[in-house]
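# Overview (structure and organization)
Listed here are the chains, written in short residue letters.
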Number of protein chains: 2
Amino acid sequence: MYSQGMHVPDSDPKPSPEPSRPARESHVPIPAVRRLSLYLRELEALRKKDSKTVSSRQLGTALGLTDAQVRKDLAYFGQFGRPGKGYDVSEMIARIRSILGTDRTWRALLVGAGHLGTALLSYRGFFGKGFEIVAAFDNNPAKIGTVVGVPPGIEIRPLDRLEEVVRDLRVQMAILCVPAPAAQELADRLVAAGIKGILNFAPVTLTIPDHVSVGSVDLAQRLEQLAFHISAKQLLDDAQQGG
Amino acid sequence: MYSQGMHVPDSDPKPSPEPSRPARESHVPIPAVRRLSLYLRELEALRKKDSKTVSSRQLGTALGLTDAQVRKDLAYFGQFGRPGKGYDVSEMIARIRSILGTDRTWRALLVGAGHLGTALLSYRGFFGKGFEIVAAFDNNPAKIGTVVGVPPGIEIRPLDRLEEVVRDLRVQMAILCVPAPAAQELADRLVAAGIKGILNFAPVTLTIPDHVSVGSVDLAQRLEQLAFHISAKQLLDDAQQGG
DNA sequence: GCTTGTGAAACGTTTCACAGCA
DNA sequence: TGCTGTGAAACGTTTCACAAGC
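Notes on the structure follow.

Thresholds applied
- Residues numbered from 1 in each chain as written.
- Chains lettered and ligands numbered in written order.
- Predicted model: local features only at pLDDT ≥ 70, side-chain atom pairs only at ≥ 80, totals over all residues.
- Heavy atoms only, no water.
- Contact = heavy atoms within 4.5 Å.
- Buried area = accessible area lost by both parts, 1.4 Å probe.
- Salt bridge = Lys/Arg side-chain N within 4 Å of Asp/Glu carboxyl O.
- Polar contact = N/O pair within 3.5 Å; in protein donor to acceptor, adjacent residues only side chain to side chain.
- Helix = DSSP H or I, 4+ residues; strand = E, 2+ residues; numbered from the N terminus.
- Nonpolar A, V, L, I, M, F, W, Y, C, P; charged D, E, K, R; others polar.
- Near = heavy atom within 4 Å.
- Disulfide = S-S within 2.5 Å.
- Buried < 20%, exposed > 50% of the residue type's maximum accessible area, 1.4 Å probe, protein only.
- Least-squares fit on C-alpha atoms with pLDDT ≥ 70 in both.

Next up on the list: the interface of chain A and chain B. With 70 residues of chain A in contact, the opposing surface of chain B contributes 70 residues. Across the chain A to chain B interface the summed buried area is about 6500 Å²; carbon plus sulfur atoms make up 65%. Put simply, chain A and chain B have 2 salt bridges between them. Here R41 of chain A ties to D218 of chain B by a salt bridge, and the two come within 2.8 Å at their closest N and O atoms. At the surface where chain A touches chain B, the tally comes to 25 residue pairs in polar contact (both at pLDDT 80 or more). Elements represented by at least two residues in the side of chain A that touches chain B include exactly α1 (30-48), α2 (56-63), α4 (89-100), α5 (115-121), β8 (173-176), β9 (197-200), β11 (213-216) and α8 (219-242) of chain A. For the side of chain A that touches chain B, the element with the most residues is α8 of chain A, which contributes 17 residues. By residue class, the composition of the side of chain A that touches chain B is 37 nonpolar, 23 polar and 10 charged.

Another aspect to go through is the protein's contact with DNA strand D. Surveying the vicinity of DNA strand D reveals 26 residues, the closest of which are R35 and P83 of chain A together with S56, R71 and Y87 of chain B. The contact atoms of DNA strand D, taken as those within 4 Å of the protein, divide so that sugar and phosphate hold 61%. R35 of chain A places a polar side-chain atom, nitrogen or oxygen, 2.8 Å from a phosphate oxygen of DNA strand D. At the level of secondary structure, the elements contributing two or more residues to the surface near DNA strand D comprise α1 and α3 (67-75) of chain A together with α3 (67-75) of chain B. If one sorts the elements of the surface near DNA strand D by residue count, α3 of chain A sits on top with 4 residues. Tallied by class, the residues present in the surface near DNA strand D amount to 10 nonpolar, 9 polar and 7 charged.

Here the focus is the state of the cysteines. In the structure shown here, the tally under the stated rule is 0 disulfides over all chains. Free of any disulfide, C177 of chain A has its nearest cysteine sulfur in C177 of chain B, 15 Å distant. For C177 of chain B, a relative accessible area of 11% gives the class buried.

Another aspect to go through is the relation of the copies chain A and chain B. Least-squares fitting of chain A to chain B yields an RMSD of 0.0 Å, with the superposition described by an axial translation of 0.0 Å and a rotation of 180°. Between the two chains, the operation in question is that of a two-fold axis. Residues of chain A ranked by C-alpha distance from the rotation axis are headed by A119 of chain A, positioned 3.1 Å from it. The share of interface residues of chain A whose copies in chain B are also at the interface is 99%, consistent with both copies meeting through the same surface.

What follows is the structure, given as structure tokens:
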């Protein structure tokens, strides 16, 4: 059974607050899980400012969401806050990290050390977030053996070592930064080697078995969306201007 | 009125409880607009293979969607296909481009020529998609004056020229690749200078006036989502294994 | 006062099912 | 037969409104 995308199967991630009801599984909306990352980012900013607690309204205002939305989202995962007081910033950071699985460190590898790939190897934004890039690969002989990224850096290895490294280092995730025509074949190899998730920067839809998760980042697509929304707003303005 | 995110505004952000006005008819779901970009990408791949027509089922299968979804999405924008035959590939490419607004070329500028910024300046994926990066900025004196990207390349300019360039070149979009603490201030300057849309790579939520569109790409967030989905699948497997 | 957590209602999106057409 | 376009049903998500607690 093959599919694309990243659906969460029905399961019960939260310890049920009502022990009397065993059957009904509360499904967590996928958008709510996405917002969890937003909450985490904002909470870490608050902690830097030494805020001890935060209300759903504060958090919502900072992120452009309603207070009700924030409360609902958090409630999917249990009881977080205290009425009259709000949410404890540090406790909530710990709990969201635990939910997302980033309270431990995930080992990732990078495939394709082109411009984007090397930029990601130098990116500091992963540090302290629960991710570590443990290996990088390319098929360009001129790049193999060179060391890239924040010191001490990572050595670029030849692609034929891919399977070996995935197994030896028990790598769970891959960041795929290769040209579009090469992406599917490399995704197949990564899956066969035992990778559990792929973040794909190539502008193609990957076909991947159900037991592997895929996320995709397509820059051109993001600019297209921006263009559409700008046009839509301009059309609306013109319509209001005209009548 | 300020907000975050990229919603296409209805007549009113907070609609009045009186439904007396018929208001906006045939509202297009935002997810459908996102999929339009996917269709476009797939259609261009099909055209390269000299496919003349494609059915909603073919397109859906290639993208992991149902045929009904593909038809509904396209129908929001008018009559595209022919019963019994399918959709004309070239005609549909032209129509989707026209809908997204990428049948013309958008002028974008890039702010922040760090690792990610310079990688984007070298990225070929924008070419022929309706976007052109016409200027790049950084505050690092060592970078100013250097030329980056695919030949002939783009010269890195000092940040204090930002407003001048936006006006003189009538730039509509900005790609923001600066460190998180600098992002909001630069977004404010871009908005004040007349920019209509921002694609933000900094891991902060920008506060932006309603008439400007924002899209955000947060790499750490994407890896977090991947981690969550991998964990969820593993939990499900374990539960099924155990009983 | 202020806050959370939560059923229920409102709203948005996807899937279904089939009429109509080539 | 094979396909599109589309109302209507099914499903998913957000907002509302308020009881309960600090």
